[in-house]
Each structure stands twice: as C-alpha cells, then as structure tokens.
Amino acid sequence: MTVPTRTALVTGASAGIGATFARTLAAEGLDLVLVARRKDRLDELAQELTDAHGVRCEVLAADLSDPGAPRAIMAFVEDRGLVVDVLVNNAGMSGSTAFAETPWDSLAAELQVMVTAVTELTHLVVPGMKQRRWGRIVNLSSLAAFAPPGESLLYTGIKSYVLDMSQALDMELKPFGVHVTALCPGFTHSEFHQTMGSAEAASALPSVLWQEPEAVVRAGWASVNAGKPVCVPGLVNKVLSHGMRPVPFRLQYVLGRTFNPFKH
Ligand SMILES: NC(=O)c1ccc[n+]([C@@H]2O[C@H](COP(=O)([O-])OP(=O)(O)OC[C@H]3O[C@@H](n4cnc5c(N)ncnc54)[C@H](OP(=O)(O)O)[C@@H]3O)[C@@H](O)[C@H]2O)c1
C-alpha cells in the first residue's frame, strides 16, 4: 500500500524557524504550502526545496494581521486540491514599545498574527485531520510563556495562551490521531531580534542561552510525532523553564486532563 504524500502548511516560512521547518519537512518528502508576506523569499525557498527534494511547494504571500488571511489561505490550499496534514503556526514578532505609547493597530496586529490567526487556522484544518485520523500541529510558543510577565509586553501573555491552548487541543484531538505541540524555544538565531529592534541587547547575552533554528525544529518535530504536547528544546531552556514554573508542565497537563469539571 502506498502512503499518500502529506502536505505541510508553514506560516512565517520566509525566515528563521519557519524556513527551517520548511527545509526539514521537505527533506522528509512532505509537500509544502509556504506563507509569509515576503513573496520573493518564499519563491526562492520553494525553488531550493523543489530542486533539492523534488517536493511540491506552493507559495502564498499573505499578511496574517489581516483578519481575512486564514480563510484566504485555506481557499488557496483547497483551490490547489490539497489538504493540510501538518500545520506549523510559526509566524510571529514582538512589539518592544510601552503599551500606552504603542498605536492600537500594532497591538491588534500582534494579537491577530499570534493569537487569532493561530487559533483560526487550527480550527480550519482540524476537522479534516480528525476525519482522516491523522494530523500534526506545531504552535510556536516560547520560553517566555514560562517567564514572569514582562512589563509592557503582550508577548509573554500571547505565548502563554499558545502554550495553554495547544495542550487543551492535544487532549481533545489525540484520540483522533491528531497531535498538537506547543514548541517553546529560548533565544534562537533568526531575524526575530532585528525585527524587534533588540539585536544589540540580544547579542550581549551569553552564547549558552542561544540555539540554532535547526536544533529547535528537530526537537519540535520529534516531539509532535512522539505525541508530546509541550517541547522546550535544549537543556538550558529546560532547566530555565522548570525553574520558572514550579509545577512541571507534564504534571500540569495530567492534572488539567484529570480534574476538569467542565469536560464534555
Ligand atoms: N527567535 C527567538 O528567539 C524566538 C524564541 C521563542 C519563540 N520564537 C517564536 O518563533 C516564531 C518564529 O520566529 P523567528 O525567530 O523565526 O523570527 P523571524 O526570523 O523574524 O521570522 C518571523 C517569520 O514570521 C513572519 N511574519 C511576521 N509577521 C507576519 C505577518 N503579519 N504575516 C505573515 N507572516 C509574518 C515573517 O515573514 P514576513 O516578514 O516575510 O511576513 C517571518 O517569516 C515566532 O512565533 C516567535 O515568536 C522565537
């Protein structure tokens, strides 16, 4: 029996962790739908992956801060006769200015890209995954989800939401063959800090705190396939996450699943 080629949708595939996910999944023979705003970058990556691995790569330039983006992405996928077997909700950025000084449009964009679009894309792909009884969803959270709230930053709260929501979904969907993992990297070499305007401060941090995106993606992809709902990649990050959250997340997950009086 031949196994059909699976398709992965990767958001934020034009740089950093997203581009690395695309390379890793293409190397495993998955077809890809690559989404971000910078189409030139996506086209270049699609060509590279098709040449190297012979996989099909579809490219869509989309701004996930546009509330219509998740539906437009799914329409694009369906128009091409594809289904999403693997969803990597990766696109993200962090604001760096004080809440009161930041225009509402910027805050709304952060929430739209990293909360609403993540949730809506997941909601759009889950019924098909459930029906086919196979699916893998990786949601990019962060070590920041374990950290104390950062003054003026929506980022820690947003990534905490992603961490919680991913575990809740994993509980609901695992019986249907759909695994959901919150991937929680610490400092990772990418364009993130340039975009945030914090590259100089970030470069002053000790190198032991940093990981390459390849290591992050390897750990995240292995975790979702192994059915682990939370992945903190790297020993240093693991130690930090446990230090910052006294109840280990594995125990939290078990407690959350066991003692939920509102379970349906
Ligand atoms: N790097 C770190 O230290 C770190 C640590 C923990 C978690 N993370 C998380 O990991 C994820 C990936 O970050 P990264 O480090 O790989 O950063 P990156 O190199 O800056 O890449 C961010 C990606 O998100 C895309 N993106 C941003 N805004 C978008 C929008 N409005 N619409 C569509 N795509 C958008 C960017 O593409 P375009 O600009 O082309 O649209 C880019 O492909 C993020 O969710 C981030 O929060 C990063």
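Structure: above.
For clarity, every value in this text was computed on a predicted model and none was experimentally measured.

What counts, and at which threshold
- Residues numbered from 1 in each chain as written.
- Predicted model: local features only at pLDDT ≥ 70, side-chain atom pairs only at ≥ 80, totals over all residues.
- Heavy atoms only, no water.
- 1 Å grid on protein atoms, 1.4 Å probe; cavity = no way out; pocket = protein on both sides within 12 Å on 5 of 7 lines; lining within 4 Å.
- Points joined across faces, edges and corners; volume = space filled by probe spheres on them.
- Helix = DSSP H or I, 4+ residues; strand = E, 2+ residues; numbered from the N terminus.
- Nonpolar A, V, L, I, M, F, W, Y, C, P; charged D, E, K, R; others polar.
- Near = heavy atom within 4 Å.
- Polar contact = N/O pair within 3.5 Å; in protein donor to acceptor, adjacent residues only side chain to side chain.
- Areas by Shrake-Rupley, 256 points an atom, 1.4 Å probe, with all protein chains shown as cover.
- Phe/Tyr/Trp six-rings, centres within 6.5 Å; stacked < 30°, edge-to-face > 60°.
- Buried < 20%, exposed > 50% of the residue type's maximum accessible area, 1.4 Å probe, protein only.
- Salt bridge = Lys/Arg side-chain N within 4 Å of Asp/Glu carboxyl O.

Student: Hey, could you run me through empty space enclosed by the protein in this one?
Tutor: Applying the stated criterion to the full structure yields 2 cavities of 30 Å³ or more. A volume near 30 Å³ is recorded for the second largest cavity. Considering the residues around the second largest cavity, the lining is formed by Asn89, Ala91, Met114, Val118, Asn139, Leu140, Lys159 and Val162. Residue assignment for the lining of the second largest cavity shows that the elements contributing at least two residues are helix H4 (104-132), strand S5 (135-140) and helix H5 (155-173). Along the lines of polarity and charge, the residues of the lining of the second largest cavity split into 5 nonpolar, 2 polar and 1 charged.

Student: Quick question: what am I supposed to make of the site of the ligand here?
Tutor: Taken together, 31 residues sit near the ligand, with Ser14, Arg37, Arg38, Tyr155 and Ser190 positioned nearest. At 2.7 Å from an oxygen atom of the ligand is found a side-chain nitrogen or oxygen belonging to Ser14. The backbone of Phe192 places a nitrogen or oxygen atom 3.2 Å from an oxygen atom of the ligand. Coverage of the ligand by the protein amounts to 96% of the 880 Å² it exposes when considered alone. Elements supplying a minimum of two residues to the shell around the ligand: helix H1 (16-27), H5 and helix H6 (192-196). With 3 residues, H6 is the single largest residue contributor to the shell around the ligand. Residue classes in the shell around the ligand are distributed as 13 nonpolar, 13 polar and 5 charged.

Student: Mind showing me how you'd approach the packing of aromatic side chains here?
Tutor: Per the counting criterion, the structure on display carries 2 aromatic pairs. Between Tyr155 and Phe192, the ring centres sit 5.7 Å apart and the planes meet at 50 degrees, which makes this aromatic pair tilted. Residue Tyr155 is located in helix H5, and its partner Phe192 is located in helix H6; the two are separated by 37 residues in the primary sequence. Its relative accessible area of 21% is what places Phe192 among the partly exposed residues.

Student: Help me understand the pattern of salt bridges, please; the structure alone is not making it clear to me.
Tutor: It is possible for side chains of opposite charge to pair when their charged atoms get near one another. Considering all chains together, one arrives at 9 salt bridges under this definition. Between Arg23 and Glu48 there is a salt bridge, with the nearest N and O atoms lying 2.7 Å from each other. Note that Arg23 is positioned in helix H1 and Glu48 in helix H2 (residues 39-53), a separation of 25 residues in sequence. Using a relative accessible area of 36% as the deciding quantity, one classes Arg23 as partly exposed. A salt bridge links Glu120 to Arg71; the shortest N-O distance between them is 3.6 Å. Remark: Arg71 occurs in helix H3 (residues 69-79) and Glu120 occurs in helix H4; sequence separation between them is 49 residues. By relative accessible area, Arg71 is classed as exposed at 56%. Each of Arg38, Arg41 and Glu191 takes part in one network of salt bridges that share partners.

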